[in-house]
Amino acid sequence: MRQPIRQFAAMLGVETTTVNNWRSGLSAVKPRSEKQEILDTTYAKRTTREDRERFDQIVAEGETAWRARHSKQARRHGVAEEFRRSPRSSSPATTAIPPVRGEVEASFERPSLIIERMRLLRAKGADDGVLDVIEVAFGDILARYEAEGPTLLAPEVLALRRQVDVLLDQCRQPMHLARLYRFAGQMSGALAYMAVNLGRFQHARMYGEEALGLAEFTRDRELIAWVKGTQSFCSYYQGDYARAVDAAQEGLRVAGSSGQAIRLYANGLARALGKLGDSVGVHKAIEAAMNLSDNTDTSHGLTPALSFESYSVPRLMANAATAHLSAGDHSKTLEYGQSVAELVDTSDSVWSQALVRLDVATALVKQKGPDTEHAMSLARQALATSHGQPIRSVWQRAHELADVVDTIDRRVVGTYLSELEDWTSSASVVSEGARPIEGR
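A brief report on the enclosed structure follows. (Residues numbered from 1 in each chain as written. Predicted model: local features only at pLDDT ≥ 70, side-chain atom pairs only at ≥ 80, totals over all residues. Heavy atoms only, no water.)

Check the secondary structure of the protein chain and you find 20 helices and 0 strands. Buried residues in the protein chain amount to 43% of all 440 residues. Pairs at least 24 apart in sequence give 65% of the contacts found in the protein chain among residues at least 6 apart. On the protein chain, roughly 23,800 Å² of surface is accessible, and the fraction owed to carbon and sulfur atoms is 52%. (Helix = DSSP H or I, 4+ residues; strand = E, 2+ residues; numbered from the N terminus. Buried < 20%, exposed > 50% of the residue type's maximum accessible area, 1.4 Å probe, protein only. Contact = heavy atoms within 4.5 Å. Areas by Shrake-Rupley, 256 points an atom, 1.4 Å probe, with all protein chains shown as cover.)

Let us look at the pattern of salt bridges. Charged atoms that come close allow side chains of opposite charge to pair. Scanning all chains against the criterion turns up 18 salt bridges. The salt bridge involving E146 is made with R315; its shortest N-O contact spans 3.9 Å. Taken together, the residues E146 in helix α7 (residues 128-148) and R315 in helix α15 (residues 313-327) connect sequence positions 169 residues apart. Of the two residues, E146 and R315, both sit in the buried class. R357 is the salt-bridge partner of D345, the closest N and O atoms lying 2.9 Å from each other. Taken together, the residues span a long stretch of sequence, with D345 in helix α16 (residues 330-345) and R357 in helix α17 (residues 350-366) at a distance of 12 residues. On the basis of relative accessible area, D345 is assigned to the partly exposed category, the value being 39%. (Salt bridge = Lys/Arg side-chain N within 4 Å of Asp/Glu carboxyl O.)

It helps to recall that an α-helix has 3.6 residues per turn; residues three or four apart then point in one direction. In a regular helix each residue adds 1.5 Å, so 16 residues correspond to 22 Å; helix α14 (residues 279-294) covers 23 Å between its end C-alpha atoms and thus fits that length. Listing the buried residues of α14 in full gives G281, V282, A285, I286, A289, L292 and S293. Each buried residue of α14 sits inside an arc of 125° when the element is viewed along its axis, so together they form one side. Facing away from the buried side of α14 by more than 90 degrees, the exposed set consists of V280, K284 and D294. (Expected span 1.5 Å × (residues − 1). Arc of directions from axis to C-beta.)

Attention now moves to helix α10 (residues 201-217). Under the 1.5 Å per step criterion, the end-to-end length of α10 is 24 Å for 17 residues, consistent within 8% with the ideal 24 Å. Among the residues of α10, those classed as buried are F201, A204, R205, Y207, G208, A211, L212, L214 and A215. Packed against the buried residues of α10 are α8 (150-170), α9 (174-197), α11 (221-238), α12 (241-255) and α19 (392-405). Of the residues flanking the end of α10, it is R219, one or two places downstream, whose phi is positive at about 55°.

Now for the packing of aromatic side chains. Summed over all chains, the structure comprises 9 aromatic pairs. Measuring from ring centre to ring centre gives 6.2 Å for F138 and F308, while their planes differ by 50°; the resulting arrangement is tilted. Of this pair, F138 sits in helix α7 while F308 sits in the loop between α14 and α15, and the two are 170 residues apart along the sequence. For the pair F138 and F308, one class covers both residues: buried. With centroids separated by 5.3 Å and ring planes inclined at 80°, the aromatic side chains of F233 and Y237 adopt a geometry described as edge-to-face. Here F233 and its partner Y237 are both found in helix α11, 4 residues apart, which amounts to about one turn of the helix. Assigned by exposure class, F233 and Y237 land together as buried. By way of ring pairs, the aromatic residues Y145, Y193, F233, Y236, Y237, Y241 and W351 are connected into one cluster. (Phe/Tyr/Trp six-rings, centres within 6.5 Å; stacked < 30°, edge-to-face > 60°.)

Below, the structure is given as structure tokens:
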């Protein structure tokens, strides 16, 4: 399919200068999607196997190096053919072919070829500044997560994730690739976490598997452990507590004594064991998390719900309250919940404020000598705090509390149940079956 540039441009329906720029490498801009589609279609339908093999060689070697090599081969072939046909050649099979001028120097490339290869190598890299911007942009999304929520921010992560994919296709620099693959894994992991918060469990599983594959591909043990914690988190809110335990234990085998193990013990293992009624297991898991926390440099405040950092002690205690509640140890729930309440209330985490209140409220109702009025006051505060920013965990615990108080005198619990009904009608986004999230 070798054609003059003008004829090739006419066939594609583009300007001759556009083809010249592609051919010469002077254009640093990747072809626009519509032109790339034309090129792909032409390549697939109008080229022979020989054309495609030649194209692959040119891409691999660079056009200058490829032409130089083929020019040299052509010269050799011409001299050999001329010598073979010469009347002076009585025994061409045993007569040496005269050396081509410059044959000794041809062992090394001309400087221009080396420069061309260096240029192509740099063109296949990703600028450090671009990667830094991606890191800052993703960090900003995580920092805004509890203020703006998954409905608004999941499309931003998707858009950023697609930019990372484009750079992965273009980049060949090992150091840059390592950063890009980590970004990709973390972003898929974040999407899995957000999908759980929206009650989109099938998407959560798919994003979780994608994140795990990326983490395993790069042998990023810290990210593998984090993803396993998120898979446990997903199974927990699906009600598959045995699977949540398995995922947490798998993560712990990878995490060892690293900071990620704190989250795996508290948010993964302990809470799921609590739902299975294993109070001894809950106690051991929380104790292990506390011991690790004593030997890990963690934040003094309440770490964000969606974070790749180690759990802080307040975040650990909030999870311990939930785990002990599920196991039926209401006094421990009240102890942990009340210990962390002040710090949670002064944080920006409206979901943590709501969840701690709901846990304490449920413990107050279920303890010996129930304090239902105080419990309902806390529960209504939880609904008010999270109104307009519903997530699946708040939705689930608010309804679990409703089941607990359903048989209690309506004069005491009626207001909460009525407000929960209103809150639920405005929180349909966290129910399964919503339409797919679209990237911006």
